[in-house]
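Structural overview
So you can see what is in the structure, the chains are spelled out below.
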Amino acid sequence: MPATAVEAPALGRPGPADTVRQTLSMAWRQMVRIKHNPFELVDLSLSPIMFLLLFVYVFGGQMAGSTSDYLQYVLGGLIAQNAIFLTMYTGTGINADLRKGVYDRFRSLPIARSAPLAGKIFADLFKQVWSIAIMVGLGLLMGFELRSVSGALLATLTLVVFALAISWVSVLMGVVADSEEKVQIYSFVIIMPLTFTSRAFVDINTMPGFMQAWAKVNPVTHLADAMRGLLSFGPIAEPLMWTFAWAVGIFAVTAPLAMRAYKRKMV
């Protein structure tokens, strides 16, 4: 008798619970890599320490009249800047894995398409928490006056939410760029103007009028103000509202674009 072909059962698309579980598994895979490369944590620790010491002790007297006053002002801005810079690692890591064929192997697994990307992002959020802990801890040693522990916890949550959203910008660049170097170039072209034309480090009233108009709506300004208010002094409600609004908007635009580019790359 002629052999009859037996059709393999089609695998259904993973449900929401499976997608969450697979994303967490991918995030754990990324976390385990730190165990084998502990220097990564050293790098994450040295950069925020260096920036905080340099800004406070080099620019503090000029900017605020004293290093202690400038420390109270600039710590929130430096935390915001550092968080945005850290998202660059997400894009470079994804780009490297794509070029090495890691995601080709993931494609052969019965997992959600978004799980590898989302897992990378969630693992990198640990780096955000680590860095903010380093900066606040060093700030306290330097004389920073923390408003409250609950404020610090809410600041960390706010930072994680914003970093989660803006990480998708880095994911998009990591998918479309053809090298890690280009991801870094694209990131710096966006990050440097964004952070330095904000209220992260200086009073925007000293800027030209056209730049003040941009600085007032700059998402880094709102994030820095939210960090400053939660950790030390200043308004909280309005900066928080704008920070979360920017986070939602950035995520709504860039996450679908990143997933679309990723799916095209995997075809």
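Above this note sits the structure.
Residues numbered from 1 in each chain as written. Predicted model: local features only at pLDDT ≥ 70, side-chain atom pairs only at ≥ 80, totals over all residues. Heavy atoms only, no water.

Take the packing of helix 3 (residues 67-100) against helix 6 (residues 149-176) next. How two helices sit against one another is set out by the angle between their axes and by the gap between those axes. Remark: helix 3 packs on helix 6, axes separated minimally by 8 Å, with the N-to-C direction vectors making an angle of 35°. For the element pair helix 3 and helix 6, the recorded crossing hand is right-handed. Residues Ile-79, Ala-80, Ala-83, Ile-84, Thr-87, Met-88, Thr-90, Gly-91, Ile-94, Asn-95 and Leu-98 of helix 3 touch helix 6, and the partners they reach there are Leu-159, Phe-162, Ala-163, Ile-166, Ser-167, Ser-170, Val-171, Gly-174 and Val-175. Within the contact of helix 3 with helix 6, the residues separate by chemical class into 13 nonpolar, 7 polar and no charged. (Axes fitted to C-alpha atoms, helices over the stretch in contact; angles between N-to-C directions. Helix = DSSP H or I, 4+ residues; strand = E, 2+ residues; numbered from the N terminus. Left-handed = near helix turned anticlockwise from the far one by under 90°. Contact = heavy atoms within 4.5 Å. Nonpolar A, V, L, I, M, F, W, Y, C, P; charged D, E, K, R; others polar.)

Moving on: the side chain of Asp-97. Mapped onto the secondary structure, Asp-97 falls in helix 3. Residue contacts for Asp-97: discarding those within four places in its chain leaves Gln-30, Arg-33, Val-102 and Tyr-103.

Before going further, it helps to spend a moment on the pattern of salt bridges. Close approach of charged atoms allows side chains with opposite charge to pair. According to the stated counting rule, one finds 6 salt bridges in the structure shown. For Lys-120, the salt bridge is made with Asp-124, and the minimal N-O distance between the two is 3.7 Å. Of the two residues, Lys-120 and Asp-124 both sit in helix 5 (residues 115-141), 4 residues apart, roughly one turn of that helix. Across the pair, exposure class does not vary: Lys-120 and Asp-124 are buried alike. (Salt bridge = Lys/Arg side-chain N within 4 Å of Asp/Glu carboxyl O. Buried < 20%, exposed > 50% of the residue type's maximum accessible area, 1.4 Å probe, protein only.)

Turning our attention to helix 3. With 34 residues, helix 3 extends 47 Å from end C-alpha to end C-alpha; this agrees with the ideal 50 Å at 1.5 Å per step. Along its length, helix 3 shows its largest kink, about 40°, at Val-74. The buried fraction of helix 3 amounts to 28 of the 34 residues, a majority that puts the element mostly inside the structure. Gly-101 sits one or two positions beyond helix 3 and adopts a positive phi of about 85°. (Expected span 1.5 Å × (residues − 1). Bend = angle between axes of the 7 residues up to and from the residue.)

As for its position among the elements, Thr-206 is in the loop between helix 7 (180-196) and helix 8 (209-217). According to the relative accessible area criterion, Thr-206 is exposed, its value standing at 66%. Thr-206 sits 41 residues away from Ala-247 along the chain, and the two C-alpha atoms are 27 Å apart. Of the polar contacts made by the side chain of Thr-206, one reaches the backbone oxygen of Asp-203; its length is 2.9 Å. (Polar contact = N/O pair within 3.5 Å; in protein donor to acceptor, adjacent residues only side chain to side chain.)

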